[in-house]
Amino acid sequence: MTWDEMTPLLWESTWQTAQMVAWSTLFTVLIGLPLGVALVVTDRDGLFPSWTLNRVLGLVVNIGRSLPFIVLMIAVIPLTRLIVGTTIGTVASVVPLTLGAAPFFARLVETALREVGRDKVQAAQAMGAGGSTVVGKVLLPEAMAGLVAGLTVTVVALISYSAMAGAIGGGGLGDLAIRYGYQRFETTLMVVTVVVLIVIVQLVQTLGDTVARRLTRH
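Criteria and cut-off values
- Residues numbered from 1 in each chain as written.
- Predicted model: local features only at pLDDT ≥ 70, side-chain atom pairs only at ≥ 80, totals over all residues.
- Heavy atoms only, no water.
- Helix = DSSP H or I, 4+ residues; strand = E, 2+ residues; numbered from the N terminus.
- Buried < 20%, exposed > 50% of the residue type's maximum accessible area, 1.4 Å probe, protein only.
- Contact = heavy atoms within 4.5 Å.
- Areas by Shrake-Rupley, 256 points an atom, 1.4 Å probe, with all protein chains shown as cover.
- Lys, Arg positive; Asp, Glu negative; His and termini not counted.
- Charge placed at Lys NZ, Arg CZ, Asp CG, Glu CD.
- Expected span 1.5 Å × (residues − 1).
- Phe/Tyr/Trp six-rings, centres within 6.5 Å; stacked < 30°, edge-to-face > 60°.
- Core = buried A, V, L, I, M, F, W, Y, C linked by side-chain atoms within 4.5 Å.

## A short note on the overall build of the chain
From N to C terminus, the chain includes 10 helices and zero strands. Ordered by position from N to C terminus, the α and β elements of the chain give α-α-α-α-α-α-α-α-α-α. The principal-axis extent of the C-alpha atoms belonging to the chain is close to 70 × 40 × 25 Å. Counting all 218 residues of the chain, 41% fall into the buried class. Within the chain, contacts between residues at least 6 apart in sequence are counted, and of these 73% link residues at least 24 apart. For the chain, the exposed surface amounts to about 12,000 Å²; the carbon and sulfur share of it is 66%. Distance between charge centres in the chain, computed from 14 positive and 12 negative side chains, equals 9 Å.

What follows is the structure, given as structure tokens:
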């Protein structure tokens, strides 16, 4: 296969991977962030302690994190078909990607929020701040550097997951590597695909680290 033949395939697959990761990241944050906050505030020493709710949420998160992604993709095929109307393609891959990454991100959010000093929370409460105000004005801003670092790790994981999604017709660079690199023995294309994935991960990690460091200085 010549470079002229590989280039359009690489561009299309890279764009599909970018779409999968972008949409999955958005939905992961929308689900994982409030879930992580809930794990912290419903804990025994939290702002809204609730032993039962905390244990239920913890169980849901642990179940989500314990499933290998390839197993999760197959297990949620009926749900994917219900939501999207199909089980193959870039759009369909967003469902299992989100379900796989949201519990992971929720635990990272929980860890970041727990690193905020209790003295800051107590100071805000002493000034009459309510629970929701403490979360919005103290916990989240103070933990922002940790949240960005956690999001960076999650996006890198999503890139890896998106490559695995190609195994069941999810599109993207993983699908390209399987169809051409594995099934048609196009070694050059396989190597180039791996290099593209490495470059994408490095760019994401560098950007995330830079933003996290700047937030730490502030």
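Moving on from the coordinates now.
## Focus: helix H7 (residues 131-142)
Residue pairs spaced three or four apart in an α-helix point in one direction, given the helix's 3.6 residues per turn. For H7, spanning 12 residues, the distance from its first C-alpha to its last is 15 Å, which sits close to the expected 16 Å at 1.5 Å a residue. Buried residues in H7 make contact with helix H1 (3-41), helix H5 (90-114) and helix H6 (118-126).

## A closer look at the packing of aromatic side chains
Using the criterion set out here, one finds two aromatic pairs in the structure. With 6.0 Å between their ring centres and 25 degrees between their planes, Trp 23 and Phe 27 make a pair best called stacked. Taken together, the residues Trp 23 and Phe 27, both in helix H1 and four residues apart, mark about one turn of the helix. In this structure Trp 23 comes out as partly exposed when scored by relative accessible area, which is 48%.

## Some thoughts on the environment of Ala 18
Structurally, Ala 18 is set in helix H1. Considered as a pair, Ala 18 and Ile 159 are 141 residues apart in the sequence and their alpha carbons are 8.5 Å apart.

## Some words on the nonpolar core
Ranked by size, the top nonpolar core spans 23 residues in total, and within it Leu 10, Phe 69, Leu 97, Leu 158, Ile 159, Leu 176 and Leu 189 carry the most contacts. Those elements that provide at least two residues to this core are H1, helix H3 (69-75), H5, helix H8 (144-165), helix H9 (172-182) and helix H10 (187-217). Apart from the residues lying within four places of it in its own chain, the contact partners of Leu 10 are Leu 173, Leu 176, Leu 189, Val 192 and Thr 193. Grouped together as the second largest cluster of nonpolar side chains are 17 residues, Val 41, Leu 47, Val 134 and Val 138 included.

In short, the description is geometric, and any link to function would need to be established separately.
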